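Commentary on secondary and tertiary structure
Letter by letter, the chains look like this.
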Amino acid sequence: MKGKQKRELKKKIVSVLALVLAMIMVLSLFLPYIVQAADIPILASTVEVQGEEMVYETENLVSIGQDLFDVSLSDAENNQFIANDIFALALEVTNKGKDFSGTLEVQSYTSYAGDHKEYVTYYEDSVWASGETKEIHMDIAIGAIHDFVNVYLKDVTGTVVYQDRIQLKCIGENPFTTDDAQSEIANSLRYVSGNFPPFSDTTLYMMMGLLVVYLLLVGPVTYLVLRKMGKRELAWVVIPVLSVSFMAIVFGFAQSSTYKNGLLQRVTYVELAEDSTETVGVVDIAIKTADSGTMAFRSEEGISVTIPFYEYNYNQVDRGEEAVYHISQGSGEVVMEGVYSSWETEHLQTTIDMDLGGHILCDIELEDGNYVGTVANNTNVNFQEAGLSLDGYYHKIGVLAAGEMVEISVNRSELQSLGWSIGSGRNYGNVRTEVANGTMTRVEAFDQNQKEGFLYRVGRQRDFSVDVVAVTFFGFDDTNLFDAPQYVNEKEMKESNLTLYRQDFWIPLSEMESFTQEIDPKIGFDGDMDVWADGYSDRYQYALMKETGEATFTYTMPKNVQISEMTWVVGTEEMYAILNGEYFAKNQVTGKYDLIGSYDGLEETYDDVKFGNYQVISLDVDLYLSKEGLVEIMVPIEEGYEFMVPKLEVTGGGLHVGN
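The structure reproduced in this document is the subject of the present report. (Residues numbered from 1 in each chain as written. Predicted model: local features only at pLDDT ≥ 70, side-chain atom pairs only at ≥ 80, totals over all residues. Heavy atoms only, no water.)

**Remarks on a nonpolar patch on the surface**
Heads up, the rule is: Like-charged residues are merged into a patch within 9 Å and nonpolar side chains (Val, Leu, Ile, Met, Phe, Trp, Tyr) within 5 Å, provided each residue has over 30% relative accessible area and no salt bridge. With residues, only the protein chains shown are counted as cover, and all accessible areas are computed by Shrake-Rupley using a 1.4 Å probe. One side-chain nitrogen of Lys or Arg within 4 Å of one carboxyl oxygen of Asp or Glu is enough to make a salt bridge. Secondary structure counts use DSSP, requiring at least four H or I residues in a row for a helix and at least two E residues in a row for a strand, with both numbered from the N terminus. In this scheme, a residue with accessible area under 20% of its type's maximum is buried, one over 50% is exposed, and one in between is partly exposed, where area comes from a 1.4 Å probe on protein chains only.
A cluster of nonpolar side chains, Val 212, Val 213, Leu 216, Leu 217, Val 221, Val 225, Met 229 and Leu 234, forms an exposed patch at the surface whose accessible area comes to about 630 Å². With respect to the helices and strands, Leu 216 occurs in helix 4 (residues 201–229). Here Leu 216 falls in the partly exposed class, since its relative accessible area comes to 45%.

**Focus on unusual backbone geometry**
Its identity is not glycine, yet Asn 84 carries a phi of approximately 65°, on the positive side. Even without glycine at this site, Asn 489 takes up a positive phi of about 55°. Within the secondary structure layout, Asn 489 lies in the loop between strand 23 (486–488) and strand 24 (494–508).

**Quick notes on the side chain of Lys 451**
Here is the rule we go by: Here a residue-residue contact requires only that any non-hydrogen atoms of the pair lie within 4.5 Å.
For Lys 451, the position within the fold is in helix 8 (residues 442–458). On the basis of relative accessibility, which here comes to 10%, the residue Lys 451 falls in the buried class. Apart from residues lying up to four places away in sequence, Lys 451 is in contact with Glu 385, Phe 476 and Leu 498.

**Description of the packing of aromatic side chains**
Counted only if it meets this: Stacked, edge-to-face and tilted labels apply to pairs of Phe, Tyr and Trp rings (six-membered ring for Trp) whose centres lie within 6.5 Å, assigned for plane angles under 30 degrees, over 60, and everything in between, in that order. Here, a charge over a ring means that NZ of Lys or CZ of Arg falls within 6 Å of the ring centre while also lying within 35 degrees of the ring normal.
With the rule as written, the count across this model stands at 12 aromatic pairs. Seen from their ring centres, Phe 383 and Tyr 501 are 5.3 Å apart, and the 75° between their planes marks the pair as edge-to-face. Taken together, the positions of Phe 383 in strand 18 (residues 383–390) and Tyr 501 in strand 24 put the pair 118 residues apart, joining distant regions of the chain. By the burial criterion, Phe 383 is buried, and Tyr 501 matches it. Each member of the aromatic cluster is reached from another via a ring pair, and the members are Phe 69, Phe 100, Trp 128 and Tyr 162. The side chain of Arg 457 reaches across the aromatic face of Tyr 191, ending 3.6 Å from its centre.

This is the structure:
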């Protein structure tokens, strides 16, 4: 009896182990998709140079191999560089020894934080006959750390046979730093490209289906069949066989998956100009690979890597010198230095020259509160989605093929109340609802969120001039802009692409028959006051009173227009920040301030404050608009009060209509 119980126990143990083993194999399929959303910290390694036990150090670099080679600038006077920019380095290399085949490396420092320094190594393979002199040209990135570069020659075994320092002269620093628009675009692209597309529903259903089938087979099906046959002891054989078979199926499925090597996503930002069909796209390439260790990117047509320049803080942790890139001149290979974990996300930025063959023509006017006109795509790009930013609100046009023209008719007030504001971020709530209702797939939801996130980061309105209405065209495309294949560790990746095209237009109010425009004031106050723009759309200003006093809001009218109506708007329907107290406007006839309204600030609940409590006060144009085109409003405000800076909404018509 005890023997039978032991056999039954062994059967159960084997069955459970087989089931657990197979489940682990199945769940391992999900690993690439789980980790693709996580950024794993980079663990950098020191790069050692073989030969005479030398390492890449700058402060105490020892010159070696001067009896074998002579390396100098091709033109001694061409030694001046701009820090944080690209320098055209031209070297003259003379072989004073035997025939030599090897690699010339140039080490240039780019960024730093205290004692921590980052550098890029550029290299070129070549052959020098005995006594031969060659001129080597390299476009290198050089930062504001050192006024020199280090030069190395290695033989085919990697042994350093020559090393020395080439002295340069810094004559200035590139004003484009981490705070400029270019860096903001680069950081935005990096953020967007790091969000990889989800795997398809078909893949998910197939994996779940395989798991369900396996569980049914090793569980109830095996039990019922063997019980009916009266041979339950065969479970010792059947379950292991099913487990091995299933593992083979899972392995075959994984090997056939397009995700097996890794993921590569290109996100590109392109600005169009009205005066040229040629432009440059800024590209961020995000990479996830199943390999661990060094990551080598290669493009068959070659690319120019954009090197970031910055000063940063690692909380005073000294990581010494660190290699960032190892870049080949000519072969299109870029080795990202460091120790990378499997499925870690790494980024590479470059640019691409483009000829769009034409421009976007946007003929939009503001008539009676409606945006009307046409948008024509005269480029060679088929936009899979196009849209317009009208005063910061996104109006979706849809597909816009090359050579196609569409008519636009959008009510301004409806767009502002119902449309999506580019400055407000992504519309997660509605997207989740549509996915839950089945009206949108997960892939479609990801696509929409990617585009909205892209617009939010690089699509904000740039010109808030009172004299114009800003209109911006946006177009999306998912075509690969690179003609030649690109590989990571010599493997083809599963690729995805997203390109955002932008072209700005400005409509002068002086040429419109009718318009409605919001005007921000110049604030006058003798005491201490803080004023700042909101962190999303830059459409609203806020102020904090450091002292009690009278604040004056002066509004300047657009040029060459006739104003027919004026409305003073305190707060908005969506935001509280309303001014407490009495409001006074300067009467241009009497020269005195008239009481035009007030607000007691007695809200019953927080919701009363946040939503719907705002003031809209009509002002008589003849009484309150000066001949100089100014409107002045004065409000006594107490110390410590924070409020949204009121806007003046004006309606009128241009004086240059038809000209």
